[in-house]
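What follows is the residue order along each chain.
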Amino acid sequence: MAQQQQQQQIDPMQIPLPQLKQMHTQVGEDLDTFTNSFAQLKSVYAKYSDCSESLQYISPKNKGKTLLVPLTGSLYVPGELADAENVIIDVGTGYYIEKPVADAKDYYKRKMEYVKGNLDKLQETIGERRKRLSDITDLINLRVQLMQKEQGQTAQASA
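Residues numbered from 1 in each chain as written. Predicted model: local features only at pLDDT ≥ 70, side-chain atom pairs only at ≥ 80, totals over all residues. Heavy atoms only, no water.

### Here's the deal with the overall build of the chain
As a reminder, the rule being used: Numbered from the N terminus, helices here are DSSP runs of H or I no shorter than four residues, and strands are runs of E no shorter than two. When accessible area is computed with a 1.4 Å probe and restricted to protein chains, residues below 20% of their type maximum are described as buried, those above 50% as exposed, and intermediate ones as partly exposed. We call two residues in contact when some of their heavy atoms are within 4.5 Å. Each accessible area is a Shrake-Rupley estimate made with a 1.4 Å probe; only the visible protein chains count as cover when residues are assessed.
Of the regular secondary structure elements, the chain holds 3 helices and 4 strands. When its helices and strands are written in sequence order, the chain yields α-α-β-β-β-β-α. Residue burial in the chain is summarised as follows: out of 159 residues, 21% are buried. Here the contacts in the chain between residues at least 6 apart in sequence split such that 57% fall between residues at least 24 apart. Surface summary for the chain: the accessible area is close to 12200 Å², and the carbon and sulfur share equals 52%.

### Here we look at the confidence of the model for the chain
To keep things clear, this is the line we draw: Across the chain, each position has a pLDDT score giving the predictor's confidence in that residue, from 0 to 100.
Mean pLDDT over the chain stands at 89; residues scoring 70 or higher make up 94%. Summarising per-element confidence for the chain, the mean pLDDT is lowest in helix H1 (residues 2–5) (50) and highest in strand E4 (residues 95–100) (95).

### Re the packing of aromatic side chains
Counted only if it meets this: Pairing of aromatic side chains here covers Phe, Tyr and the six-membered ring of Trp, requires ring centres within 6.5 Å, and sorts the geometry by plane angle: under 30 degrees stacked, over 60 edge-to-face, intermediate tilted.
Summed over all chains, the structure comprises 2 aromatic pairs. Taking 5.9 Å as the distance between ring centres and 45° as the angle between the ring planes, the aromatic pair formed by Tyr 48 and Tyr 108 counts as tilted. Placement of the pair is Tyr 48 in helix H2 (residues 17–55) and Tyr 108 in helix H3 (residues 101–158), with a sequence separation of 60 residues. Of the two residues examined, Tyr 48 and Tyr 108, each falls in the buried class. Residues Tyr 107 and Tyr 108 carry aromatic rings whose centres are separated by 5.2 Å and whose planes lie at 75° to one another, so their mutual orientation is edge-to-face. There is no split in this pair, since Tyr 107 and Tyr 108 are both buried.

### So, the pairing of strand E2 (residues 76–80)
Cut-off, in case you're wondering: Two strands are counted as paired when DSSP detects at least two bridges linking them.
As paired elements, strand E1 (residues 66–70) and E2 share 5 bridges and run antiparallel to each other. Residue pairing across strands places Pro 70 opposite Tyr 76, the latter belonging to E2. Linking E1 back to E2 in an antiparallel pair, the connection comprises 5 residues.

Shown next, in the form of structure tokens:
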């Protein structure tokens, strides 16, 4: 029973070449998906970082002063700081809430830590998938070389 629970070892040279190619394609697609997800998460992290950095300028000494308000990453409009105690933050899917500045800083800090943790896990997964893809590629190349060598020997023997 304990033997059934252990993983079975399969000799990679026994896997049919079409199945290896299918594995190569699947791992490549997975790698592309993970890489795209990583880029999206980095973008989210940068957004949270920008928001957190913007909160540094919200203080009672700046109340009533004119400042540039970011509408997008590259579009800013002039505005006046009316309330230096509270800010409105985007919590996702079109919802916004009003929070004290200190709570908003804490919110963004927690979000950044959460996203950073996911980035680290995803980076590790990407590294593993790249290695697996490389191993499968090497195995396919080895198998193709062996097949060509066998065909060459067969052709010489029949001549």
